[in-house]
Amino acid sequence: MLLIAERFGQRLRGMMGRDARAAVRSGLVMGFPRCSAVHTIGMGCALDIAFLDAAGGVLSVYEGVAPGRFVHCADACAVMERVSGTEPFGYWALGGIVC
């Protein structure tokens, strides 16, 4: 399930406060358009984060980003995040196309 965070409140909250087991079961992925940086402050679990270019190409991937961190990619146009270890990266592989 892909959840696009368009509004400020959605973007600020992201995965914070979500049940990690439920997110894994549903395959929840959060998408943040027009974004080049995310934080894991207040998260209850580690996240996998992928930064995308304008064509949906994967620029960089961070696995297992612990709570309380900040990651960015200056060239990114969008970010996707999910609970760490949800599934093999597959299409999240560096250089792959997501959308």
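Cut-offs applied
Residues numbered from 1 in each chain as written. Predicted model: local features only at pLDDT ≥ 70, side-chain atom pairs only at ≥ 80, totals over all residues. Heavy atoms only, no water. Helix = DSSP H or I, 4+ residues; strand = E, 2+ residues; numbered from the N terminus. Buried < 20%, exposed > 50% of the residue type's maximum accessible area, 1.4 Å probe, protein only. Areas by Shrake-Rupley, 256 points an atom, 1.4 Å probe, with all protein chains shown as cover. Pairing = 2+ DSSP bridges. Axes fitted to C-alpha atoms, helices over the stretch in contact; angles between N-to-C directions. Polar contact = N/O pair within 3.5 Å; in protein donor to acceptor, adjacent residues only side chain to side chain. Disulfide = S-S within 2.5 Å. Salt bridge = Lys/Arg side-chain N within 4 Å of Asp/Glu carboxyl O. Core = buried A, V, L, I, M, F, W, Y, C linked by side-chain atoms within 4.5 Å. Contact = heavy atoms within 4.5 Å.

Caption draft 1: Summary view of the overall build of the protein. Along the backbone of the protein there are two helices and seven strands. Listed N to C, the secondary structure of the protein is β-α-α-β-β-β-β-β-β in terms of helices and strands. For the protein, the proportion of its 99 residues judged to be buried stands at 37%. Surface accessibility of the protein: about 5,400 Å² in total, with carbon and sulfur atoms responsible for 60%.

Caption draft 2: Representation of the sheet that holds strand S2 (residues 29–33) in the model. Across the sheet, which stays open at both edges, the five strands sit in the order S1-S2-S7-S4-S5 with mixed pairing between neighbours. The open sheet has two edge strands with one neighbour each: strand S1 (2–4) and strand S5 (58–65). For this sheet, the mean inter-axis angle between neighbouring strands, taken without regard to orientation, is 20 degrees. Alignment of strand S4 (residues 47–52) against S5, held across five bridges, turns out to be antiparallel. From the neighbouring strand, Ile-49 faces S5, where its bridge partner is Tyr-62.

Caption draft 3: Layout of the environment of His-39. Along the chain, His-39 falls in strand S3 (residues 37–39). Distance from His-39 to Pro-67, taken between C-alpha atoms, is 8.2 Å for residues 28 residues apart in sequence. Here Ile-41 takes part through its backbone nitrogen, which lies 3.1 Å from a polar atom of the side chain of His-39.

Caption draft 4: Focus on the state of the cysteines. Within this structure, the stated rule accounts for zero disulfides. Cys-73 provides the cysteine sulfur closest to Cys-77, a residue in no disulfide bond, and the two sulfurs are 9.3 Å apart.

Caption draft 5: Local environment of the pattern of salt bridges. Inspection of the entire model under this criterion finds two salt bridges. Of the charged contacts in the structure, one is a salt bridge between Glu-6 and Arg-34, with a shortest N-O distance of 3.0 Å. With Glu-6 in the loop between S1 and helix H1 (8–13) and Arg-34 in the loop between S2 and S3, this residue pair connects regions lying 28 residues apart in the sequence. Arg-82 serves as the salt-bridge partner of Asp-48, at 3.4 Å between the closest nitrogen and oxygen.

Caption draft 6: Quick look at the nonpolar core. Counting 14 residues, the largest nonpolar core has Phe-32, Cys-35, Val-38, Ile-49, Phe-51, Val-71 and Val-79 as its most contacted members. Among the secondary structure elements, those contributing two or more residues to this core are S2 and S4. In terms of residue count, S4 provides more of this core than any other element does, three residues in total. Once residues lying within four places of it in the same chain are set aside, the contact partners of Val-38 are Ile-49, Arg-69, Phe-70, Val-71, Val-79 and Glu-81. Counting five residues, the second-largest nonpolar core is a separate cluster that includes Val-29, Val-58, Ala-78 and Met-80.

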